[in-house]
Amino acid sequence: MVLLGSKTGSVSVVMKVSQQQGRLRIGVVGGGQLARMLGESASALGLRLSVLAQRGDDAAVEVAAEFAIGSPQDGRDLTLFAGGVDVMTFDHELVDLDAVSSLSTDGHHIYPSAAALRFAVHKVYQRSAMVAANIPVPRHCILAPYSDDDFDAFADLLGHVPVVKADHGGYDGRGVLVSSSLDEARDFARALSASTTVLLEEAVELESEVAVIVVTDRHGNQVTYPVVDTRQESGMCVEVNFPSALSPARSAEALAVARRVAEIVGAVGVLAVELFVTPSGILLNEVAARPHNSGHWTIEGSVTSQFENHLRAVSGLPLGSTDALAARASMVNLVGSDSPTDLAGALAIPGLHLHDYGKSWAVGRKLGHVCVIGDDESVRVRAWKGAEFLGTGAARSL
Ligand code: ADP
C-alpha cells in the first residue's frame with residue numbers, strides 16, 4: 001500500500017497500488033460488512049471500489065481497491081471523498097444528509113439521494129410520510145416534546161405497553177425496546193428523549209416478519225427479489241429463509257406494499273422493505289436504502305446478488321435477473337459468542353457457504369454469515385449446524 005496524502009482536512013487517504021486506472025470508481029461511505037460484500041461484487045464487475053472507513057481495520061478495507069479514513073457525519077470528509085470517486089453510495093445511512101444533498105446539487109453522482117436516505121435515518125419522518133401515502137403501519141404516536149403524561153395516555157389508549165423507538169441513531173435493535181413492563185418502557189423513552197424524538201408504537205401481533213428487496217436503477221427500472229422470512233432476536237436479524245412461508249395471497253400483498261413503498265422512497269439502488277405479518281394484514285416496519293441482511297442469501301441463491309444489482313443500479317448499468325437458483329435458501333448470522341469454533345467442522349457440511357467479515361471478535365457482534373441453498377428443507381438444518389460449528393451466539397428455533 002502507498003500513502004498518497006497524509007492529511008487532507010481530516011480525511012487521510014491511503015491507496016493500494018492499483019493497476020485499475022480508467023475503471024469506474026465507486027465510493028462507498030462506511031467500511032462495514034455491506035461495503036465488503038459490495039467490494040467482492042465490484043471486483044467481479046471490474047469496478048474499482050473505494051471506501052470511506054472510520055478505522056483502518058473496518059471490514060471492507062481489505063477488499064477495497066483504496067480507502068480513506070474519515071467520518072460519514074462530517075461534511076468535509078464526505079466532500080473530499082466524493083471528489084475522488086465517480087459515484088458515491090452507502091453501507092449505512094447514519095450520514096450527514098445536508099452534506100449529501102449539497103454534494104448532489106453540486107453535480108456529484110450520489111445514490112441513493114439524501115431525500116431517500118432520510119426515510120431510513122428518521123423513523124418519525126418515515127412513519128409520517130407512509131401514513132400520508134396510505135401505507136399500512138402500526139398505530140403510533142410521536143412524543144415531541146416528551147412527557148410521562150403523554151406516554152401514559154398513549155399506553156392507556158392502546159391498553160398495553162407501547163414499543164419505544166428512537167427517531168434516529170438506532171440499528172440492530174439498539175434504540176428499540178419491546179417490553180412488557182410499563183415502567184421499563186417509560187424509563188427507556190424518557191432516557192431516549194434527551195437525545196432524540198421518541199416514537200411509540202402499538203406492539204403488533206406478529207405472525208411473522210418478512211422482507212422484500214426492491215432494486216431501482218437510475219432510469220426508474222425496477223426488479224424485486226422474492227419475499228423471505230426473517231427472524232429477529234433482541235431486535236437483531238438471526239436468520240433468513242427463502243421462500244417465505246406466506247400464502248401466495250399474503251406474498252402478493254407483501255410485494256405490492258414493498259413496491260408502493262419503493263415508489264414513495266424513490267431510492268436508486270437496493271431498498272430493503274421490512275414488513276410485519278399480522279392477522280389483519282401486512283404492515284410496514286421499516287426501510288433501509290442499501291443492501292440488507294435479509295438479502296445476503298442472494299449471493300448464492302440468485303442469478304444476480306443484491307450487492308451486484310446495487311452496484312449495477314448506482315453505476316447506470318442494466319439490472320440483473322433476480323430469479324432464484326434453487327428452491328430453497330437459508331442464511332444464518334454468525335453472532336460473536338464465547339462458544340468454541342470449528343472451521344473444519346463447518347466446512348465439512350455439504351453446500352455450506354461461509355462469509356467471514358474479517359471483523360474483530362466481540363460478543364453479540366455480527367461477524368459473518370453462512371448460507372446453504374438446495375431443494376429441500378435440509379438447507380436450514382445445515383445452515384444452523386454450520387453456524388453452531390462457527391460458534392454463533394444466535395439461538396436456533398428449529
Ligand atoms: P431496528 O431499526 O433497530 O432494526 P426495528 O424497528 O426493525 O429496529 O425493530 C426491531 C425488531 O423489534 C423488529 O424486527 C420486531 O421484531 C420488533 N418490533 C419492532 N416494532 C415492533 C412493533 N410495533 N410491534 C411488535 N414488534 C416490534
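Right, let's walk through the structure included here. All of these numbers come straight from a predicted model, not from anything done at the bench.

Comments concerning the pairing of strand S14 (residues 228–233)
Bridge count for strand S12 (residues 208–216) against S14 is three bridges, and the pairing is antiparallel. Its bridge partner lying in S14, glutamate 209 is registered against threonine 230. Examined bridge by bridge, S14 and strand S15 (residues 236–242) share five bridges and lie antiparallel to one another. Residue pairing across strands places threonine 230 opposite valine 240, the latter belonging to S15. Linkage of S14 to S15, two consecutive antiparallel strands, is achieved through a turn of two residues, within which serine 234 is found at a positive phi near 50°.

Observations concerning the packing of aromatic side chains
Throughout the structure, instances matching the rule amount to two aromatic pairs. Ring centres of phenylalanine 242 and tryptophan 297 lie 4.6 Å apart, and the angle between their planes is 10°; this geometry places the pair in the stacked category. Taken together, the residues phenylalanine 242 in strand S15 and tryptophan 297 in the loop between strand S17 (281–288) and helix H9 (298–301) connect sequence positions 55 residues apart. For the pair phenylalanine 242 and tryptophan 297, one class covers both residues: buried.

Examining the nonpolar core
Ranked by internal contacts, the top residues of the largest apolar core, which has 45 residues, are Met88, Val261, Val265, Leu271, Val273, Leu275 and Leu284. The element best represented in this core is helix H8 (residues 248–265), accounting for seven residues. Filtering out sequence-adjacent residues up to four positions away, valine 265 remains in contact with Ala116, Phe119, Met130, Leu271 and Val287. With 23 residues, the next largest nonpolar core counts Leu38, Leu49, Phe67 and Leu311 among its residues.

Concerning the state of the cysteines
Taken as a whole and judged by the stated rule, the model has zero disulfides. Free cysteine cysteine 237: the closest other cysteine sulfur is in cysteine 371, separated by 12 Å. Residue classification places cysteine 237 among the buried residues on the basis of a relative accessible area of 9%.

Topic: the pattern of salt bridges
Counting across every chain of the model gives 23 salt bridges. A salt bridge links glutamate 201 to lysine 165; the nearest nitrogen and oxygen atoms lie 3.1 Å apart. Within this pair, whereas glutamate 201 is found in strand S11 (residues 198–201), its partner lysine 165 is found in strand S9 (residues 163–166), the two being separated by 36 residues in sequence. Of the two residues examined, glutamate 201 and lysine 165, each falls in the buried class. Across the pair arginine 190 and aspartate 187 runs a salt bridge whose closest N-O atoms are separated by 3.3 Å. Of this pair, arginine 190 and aspartate 187 both sit in helix H7 (residues 182–192), three residues apart, roughly one helical turn. Arginine 190 sits in the partly exposed class, given a relative accessible area of 36%. Bridged by salt links that share partners, the residues Arg231, Glu233, Glu239 and Arg380 form one connected network.

Conventions adopted
Residues numbered from 1 in each chain as written. Predicted model: local features only at pLDDT ≥ 70, side-chain atom pairs only at ≥ 80, totals over all residues. Heavy atoms only, no water. Pairing = 2+ DSSP bridges. Helix = DSSP H or I, 4+ residues; strand = E, 2+ residues; numbered from the N terminus. Phe/Tyr/Trp six-rings, centres within 6.5 Å; stacked < 30°, edge-to-face > 60°. Buried < 20%, exposed > 50% of the residue type's maximum accessible area, 1.4 Å probe, protein only. Core = buried A, V, L, I, M, F, W, Y, C linked by side-chain atoms within 4.5 Å. Contact = heavy atoms within 4.5 Å. Disulfide = S-S within 2.5 Å. Salt bridge = Lys/Arg side-chain N within 4 Å of Asp/Glu carboxyl O.

These figures come from the coordinates and say nothing about function on their own.
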